[in-house]
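Now for the letters of each chain:
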Amino acid sequence: QVQLVESGGGLVQAGGSLRLSCAASGRTFSSYSMRWFRQAPGKEREFVATISRNGGSTYYADSVKGRFTISRDNAKNTVYLQMNSLKPEDTAVYYCAASAGSMLSTVDYWGQGTQVTVSS
């Protein structure tokens, strides 16, 4: 069992930055590929970014490529999402997720989410 707790969300003006963190319980964090998703009001949850178990590979949704950076610190059991040049359309609840498989395989565990609001 893995428990995921996101933090770092908040209200920011367009063009600003936020860094989300997701702390994982357990001693097997490095065996999971990690992902960020987001869900805006009235919309389906969508993929944002993923990172491999050792952090050597990453992949992003086209909508955030070049603005967001996913990273992880396996010693701290934490995955991050650095979000720069934020836009109002980035407003959503952001969720981290863990997968025992590859970067794009089925999610096994979800966090509870953290709200990001970008004002224009």
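Refer to the structure printed above.
Predicted, not measured: the structure shown is a model, and the values here were computed from it. (Residues numbered from 1 in each chain as written. Predicted model: local features only at pLDDT ≥ 70, side-chain atom pairs only at ≥ 80, totals over all residues. Heavy atoms only, no water.)

Caption draft 1: A look at the nonpolar core. Counting residues in hydrophobic clusters, the biggest one holds 30 residues, and the most contacted among them are Leu4, Met34, Trp36, Leu81, Met83 and Tyr94. Counting residues per element, the ones that place at least two in this core are β3 (18-24), β4 (33-39), β5 (46-51), β7 (68-73), β8 (78-83), β9 (92-99) and β11 (114-119). In this structure, Met34 is in contact with Leu4, Cys22, Phe29, Ala49, Thr50, Ile51, Ile70, Arg72, Val79, Ala97 and Ala98, ignoring residues within four places of it in sequence. (Core = buried A, V, L, I, M, F, W, Y, C linked by side-chain atoms within 4.5 Å. Buried < 20%, exposed > 50% of the residue type's maximum accessible area, 1.4 Å probe, protein only. Helix = DSSP H or I, 4+ residues; strand = E, 2+ residues; numbered from the N terminus. Contact = heavy atoms within 4.5 Å.)

Caption draft 2: Highlighting the environment of Val64. Structurally, the position occupied by Val64 is in the loop between β6 (58-60) and β7. Considering only alpha carbons, one finds Val64 and Asn84, 20 residues apart in sequence, at a separation of 9.3 Å.

Caption draft 3: Quick look at the packing of aromatic side chains. In the structure shown here, the tally under the stated rule is 4 aromatic pairs. Summarising the aromatic geometry, the rings of Tyr32 and Tyr109 are spaced 6.0 Å apart at their centres and angled 75° between planes, so their arrangement reads as edge-to-face. With Tyr32 in the loop between β3 and β4 and Tyr109 in strand β10 (residues 109-110), this pair connects stretches of sequence that are 77 residues apart. Taking 4.8 Å as the distance between ring centres and 55° as the angle between the ring planes, the aromatic pair formed by Phe37 and Trp110 counts as tilted. Placement of the pair is Phe37 in strand β4 and Trp110 in strand β10, with a sequence separation of 73 residues. (Phe/Tyr/Trp six-rings, centres within 6.5 Å; stacked < 30°, edge-to-face > 60°.)

Caption draft 4: View of the pairing of β9. Taken across its 8 residues, β9 has 7 buried, putting it largely inside the fold. Bridging between β9 and β11 involves 3 bridges; their strand directions are antiparallel. Of the residues in β11, the one forming a bridge with Ala92 is Val116. Two strands pair when backbone bridges link them, and β9 and β10 are joined in this way by 2 bridges, in the antiparallel orientation. Note that in β10 the partner of Ala98 across the bridge is Tyr109. (Pairing = 2+ DSSP bridges.)

Caption draft 5: Summary view of the sheet that holds β3. One open sheet accounts for 4 strands, arranged β1-β3-β8-β7; its pairing is antiparallel. A strand with exactly one partner marks an edge of an open sheet, and here the two such strands are β1 (4-7) and β7. Each adjacent strand pair in this sheet contributes to an overall mean axis angle of 15°, direction not counted. Across 6 bridges, the pairing between β7 and β8 is antiparallel. Its bridge partner being in β8, Ile70 is matched across the sheet by Leu81. (Axes fitted to C-alpha atoms, helices over the stretch in contact; angles between N-to-C directions.)

Purely geometric stuff here, so don't read any function into it on its own.
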